[in-house]
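Each chain, written out:
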Amino acid sequence: MKYISTRSKEPKISLSEAIRLGLAKDGGLFVPEQFPTIDFSEFTKEDSFADFTAKLLTSFFKDDSLEESVSQFCASAFDFPFEIRALDNNTWCLELFHGPTLAFKDFGARFLAECLNEIARRQNRIFTILVATSGDTGSAVASAFHNKMNTRAIILFPRGRISKRQEKQLTCWDNNILSVSVDGRFDDCQLLVKSAFDHAWWQEQVTLTTANSINVARLLPQMAYYAYTSFMMKSQGTMPCGFVVPSGNFGNATGAYWAKALGFPLREIVMPTNANRVLFDYLNTGTFEARQSIATLANAMDVGRPSNLERIDHLFPSWELLQENVASYFVSDDTIKSTIEQVYKEYEYVICPHTATGFHVKKGLADLPWVIASTADPVKFDSIVEPIIGKTLSLPKKLKELLDKPTQCVEIDNSMDALIDVVTAWN
Ligand SMILES: *Cc1c(COP(=O)(O)O)cnc(C)c1O
């Protein structure tokens, strides 16, 4: 099976090459040239998520040098529980936050780490992964790559601009992970990453790669959990469900669209956003306009230029197809707060601010079965959630263990020379 860029049809490349490159040379994102034909009789209702995903993804790795390793990757990457919680006759919550850093990004980051580590091992190299983070992504990446010894990861974050608990989760690693606190903003960290790719020192001294959310290896497991959920619910006799996917960069929702494109029983897909309403406006006006992002309570969804929109446009290449298949509504911070409260009262169930956008939008939809994707454990957003529900959330053991580890972090000015100095010293 071959992969193409969303911007041009050439050249077609293998999946491992697409994973190694991250972004296509023409600036586009990698997508399958065509989706494989799925043999649904391969799957059974006894399959664990790891087993199901190994079978499903093997066809995406067909004729790739990693094809034989997919089962092993899935077994190591998806060693945590998978939970579909029924709330009432028509509402389920797909809890995607049982991985080590308590958000859905663990699925993609852990699978990507398996792939990149094995590609590097076979090339007899060490890949250096450089990422900028404003919170969630960095901890998922650090945790996923920790002790994958054919890789090392350098995590840049803006000093004093992330929460204490987030900072702790970025700085509790050792060995092959270097946490760097930069005197600057998130945009400065991101600019350092971008400049490194064009910088002579980085080109000569290391094999540089990145782990951001546009990598196709992060999308495949996200597709798999929608395929798995829809398959399991159908096996239990539920009619095909619609899926509500709280969205920022649209990687999670792209996974759902891909699962539907494969023929899995997803009735329809709805993409709530926070006040960053660029998708809602696009669907209403027919012209996409990127905006500066606005800060909201659902901060992992604060995106004004969603990178995976290009994959959704590629899947639905005409305006009619896009309007037929994509729906979006936006949700204010006040509504996020009132929804957290209502859901707690109605179900005695605590949700995070991102998931709240999904619960609110679902209330306005048809009276049919819906699955709402829950993107993070509410305990990660304790300072928002606890005052609303009037209760302290207990720390899960996994998070407590992380928070109790010693921290390691180097501090630098916002400059490339300072970054190169600390990386050289670390070597
Ligand atoms: C990243 C993230 C989102 C947004 O997902 P996208 O794939 O960027 O649309 C939503 N909620 C949480 C908790 C996240 O970390």
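For the structure itself, consult the block above.
Everything in this summary refers to the structure shown in the same document. (Residues numbered from 1 in each chain as written. Predicted model: local features only at pLDDT ≥ 70, side-chain atom pairs only at ≥ 80, totals over all residues. Heavy atoms only, no water.)

## Examining empty space enclosed by the protein
Enumeration according to the criterion identifies one cavity of 30 Å³ or more in this entry. Size it by volume and the largest cavity reaches roughly 50 Å³. Lining the largest cavity, in full, are Ser 230, Met 233, Lys 234, Thr 238, Met 239, Pro 240, Cys 241, Phe 243, Pro 265 and Val 371. Of all the secondary structure elements, the ones that give two or more residues to the lining of the largest cavity are helix H9 (216-235) and strand E9 (241-244). Along the lines of polarity and charge, the residues of the lining of the largest cavity split into seven nonpolar, two polar and one charged. (1 Å grid on protein atoms, 1.4 Å probe; cavity = no way out; pocket = protein on both sides within 12 Å on 5 of 7 lines; lining within 4 Å. Points joined across faces, edges and corners; volume = space filled by probe spheres on them. Helix = DSSP H or I, 4+ residues; strand = E, 2+ residues; numbered from the N terminus. Nonpolar A, V, L, I, M, F, W, Y, C, P; charged D, E, K, R; others polar.)

## Digging into unusual backbone geometry
Of note, the phi angle at Asp 63 is positive, near 65 degrees, even though the residue is not glycine. Within the chain, Asn 175 stands out as a residue other than glycine whose phi angle is a positive 50 degrees. Take Asn 175: it is sitting in the loop between helix H6 (164-171) and strand E7 (177-182). Among the residues examined, Asn 175 registers a relative accessible area of 48% and is labelled partly exposed. (Buried < 20%, exposed > 50% of the residue type's maximum accessible area, 1.4 Å probe, protein only.)

## Points about the environment of Leu 219
Along the chain, Leu 219 falls in helix H9. According to the relative accessible area criterion, Leu 219 is buried, its value standing at 0%. Once the C-alpha coordinates of Leu 219 and Val 31 are considered, the two residues, 188 residues apart in sequence, prove to be 9.7 Å apart. Excluding its chain neighbours within four sequence positions, the residues that come into contact with Leu 219 are Gly 251, Thr 254, Trp 258, Asn 308 and Arg 311. (Contact = heavy atoms within 4.5 Å.)

## Concerning the pattern of salt bridges
Applying the stated criterion across every chain, the model contains 19 salt bridges. Of the charged contacts in the structure, one is a salt bridge between Glu 33 and Lys 12, with a shortest N-O distance of 2.7 Å. In this pair, Glu 33 is assigned in the loop between strand E2 (30-32) and helix H2 (49-60) and Lys 12 in the loop between strand E1 (3-5) and helix H1 (15-21), connecting sequence segments 21 residues apart. The exposure class of Glu 33 is partly exposed, given its relative accessible area of 34%. Between Arg 277 and Asp 281 there is a salt bridge, and its shortest N-O distance comes to 3.0 Å. Salt bridges sharing partners connect three or more residues here, namely Glu 83, Arg 85 and Glu 95. (Salt bridge = Lys/Arg side-chain N within 4 Å of Asp/Glu carboxyl O.)

## Observations regarding the state of the cysteines
Considering all chains together, one arrives at zero disulfides under this definition. The closest cysteine sulfur to the non-disulfide-bonded Cys 74 is located on Cys 115, 8.5 Å from its own sulfur. Cys 352 forms no disulfide, and the closest cysteine sulfur to it belongs to Cys 93, at a distance of 9.1 Å. Take Cys 352: its relative accessible area is 0%, and that puts it in the buried class. (Disulfide = S-S within 2.5 Å.)

## Quick look at the side chain of Arg 311
Position of Arg 311 relative to the elements: it lies in helix H12 (residues 309-315). Setting aside chain neighbours within four positions, we find Arg 311 in contact with Thr 6, Leu 29, Phe 30, Val 31, Ile 214, Asn 215, Val 216, Leu 219, Thr 254 and Trp 258.

## Regarding the sheet that holds E9
In spatial order, the strands read E3-E4-E11-E9-E10; together these five strands make up an open sheet with mixed pairing. The open sheet has two edge strands with one neighbour each: strand E3 (83-88) and strand E10 (266-270). Ignoring strand direction, the axes of neighbouring strands in this sheet form an average angle of 25 degrees. Note: strand E4 (residues 91-95) against strand E11 (residues 370-374), five bridges, orientation parallel. By the bridge assignment, Trp 92 is partnered in E11 with Val 371. (Pairing = 2+ DSSP bridges. Axes fitted to C-alpha atoms, helices over the stretch in contact; angles between N-to-C directions.)

## Some words on the environment of Ala 109
Residue placement: Ala 109 occurs in helix H4 (residues 105-122). The exposure class assigned to Ala 109 is buried, which follows from its relative accessible area of 1%. A sequence separation of 42 residues divides Ala 109 from Glu 67, and the C-alpha atoms of the two residues are 19 Å apart. Those residues in contact with Ala 109 that lie beyond four places of it in its chain are Ala 140, Val 141, Ala 144, Phe 145 and Arg 218.

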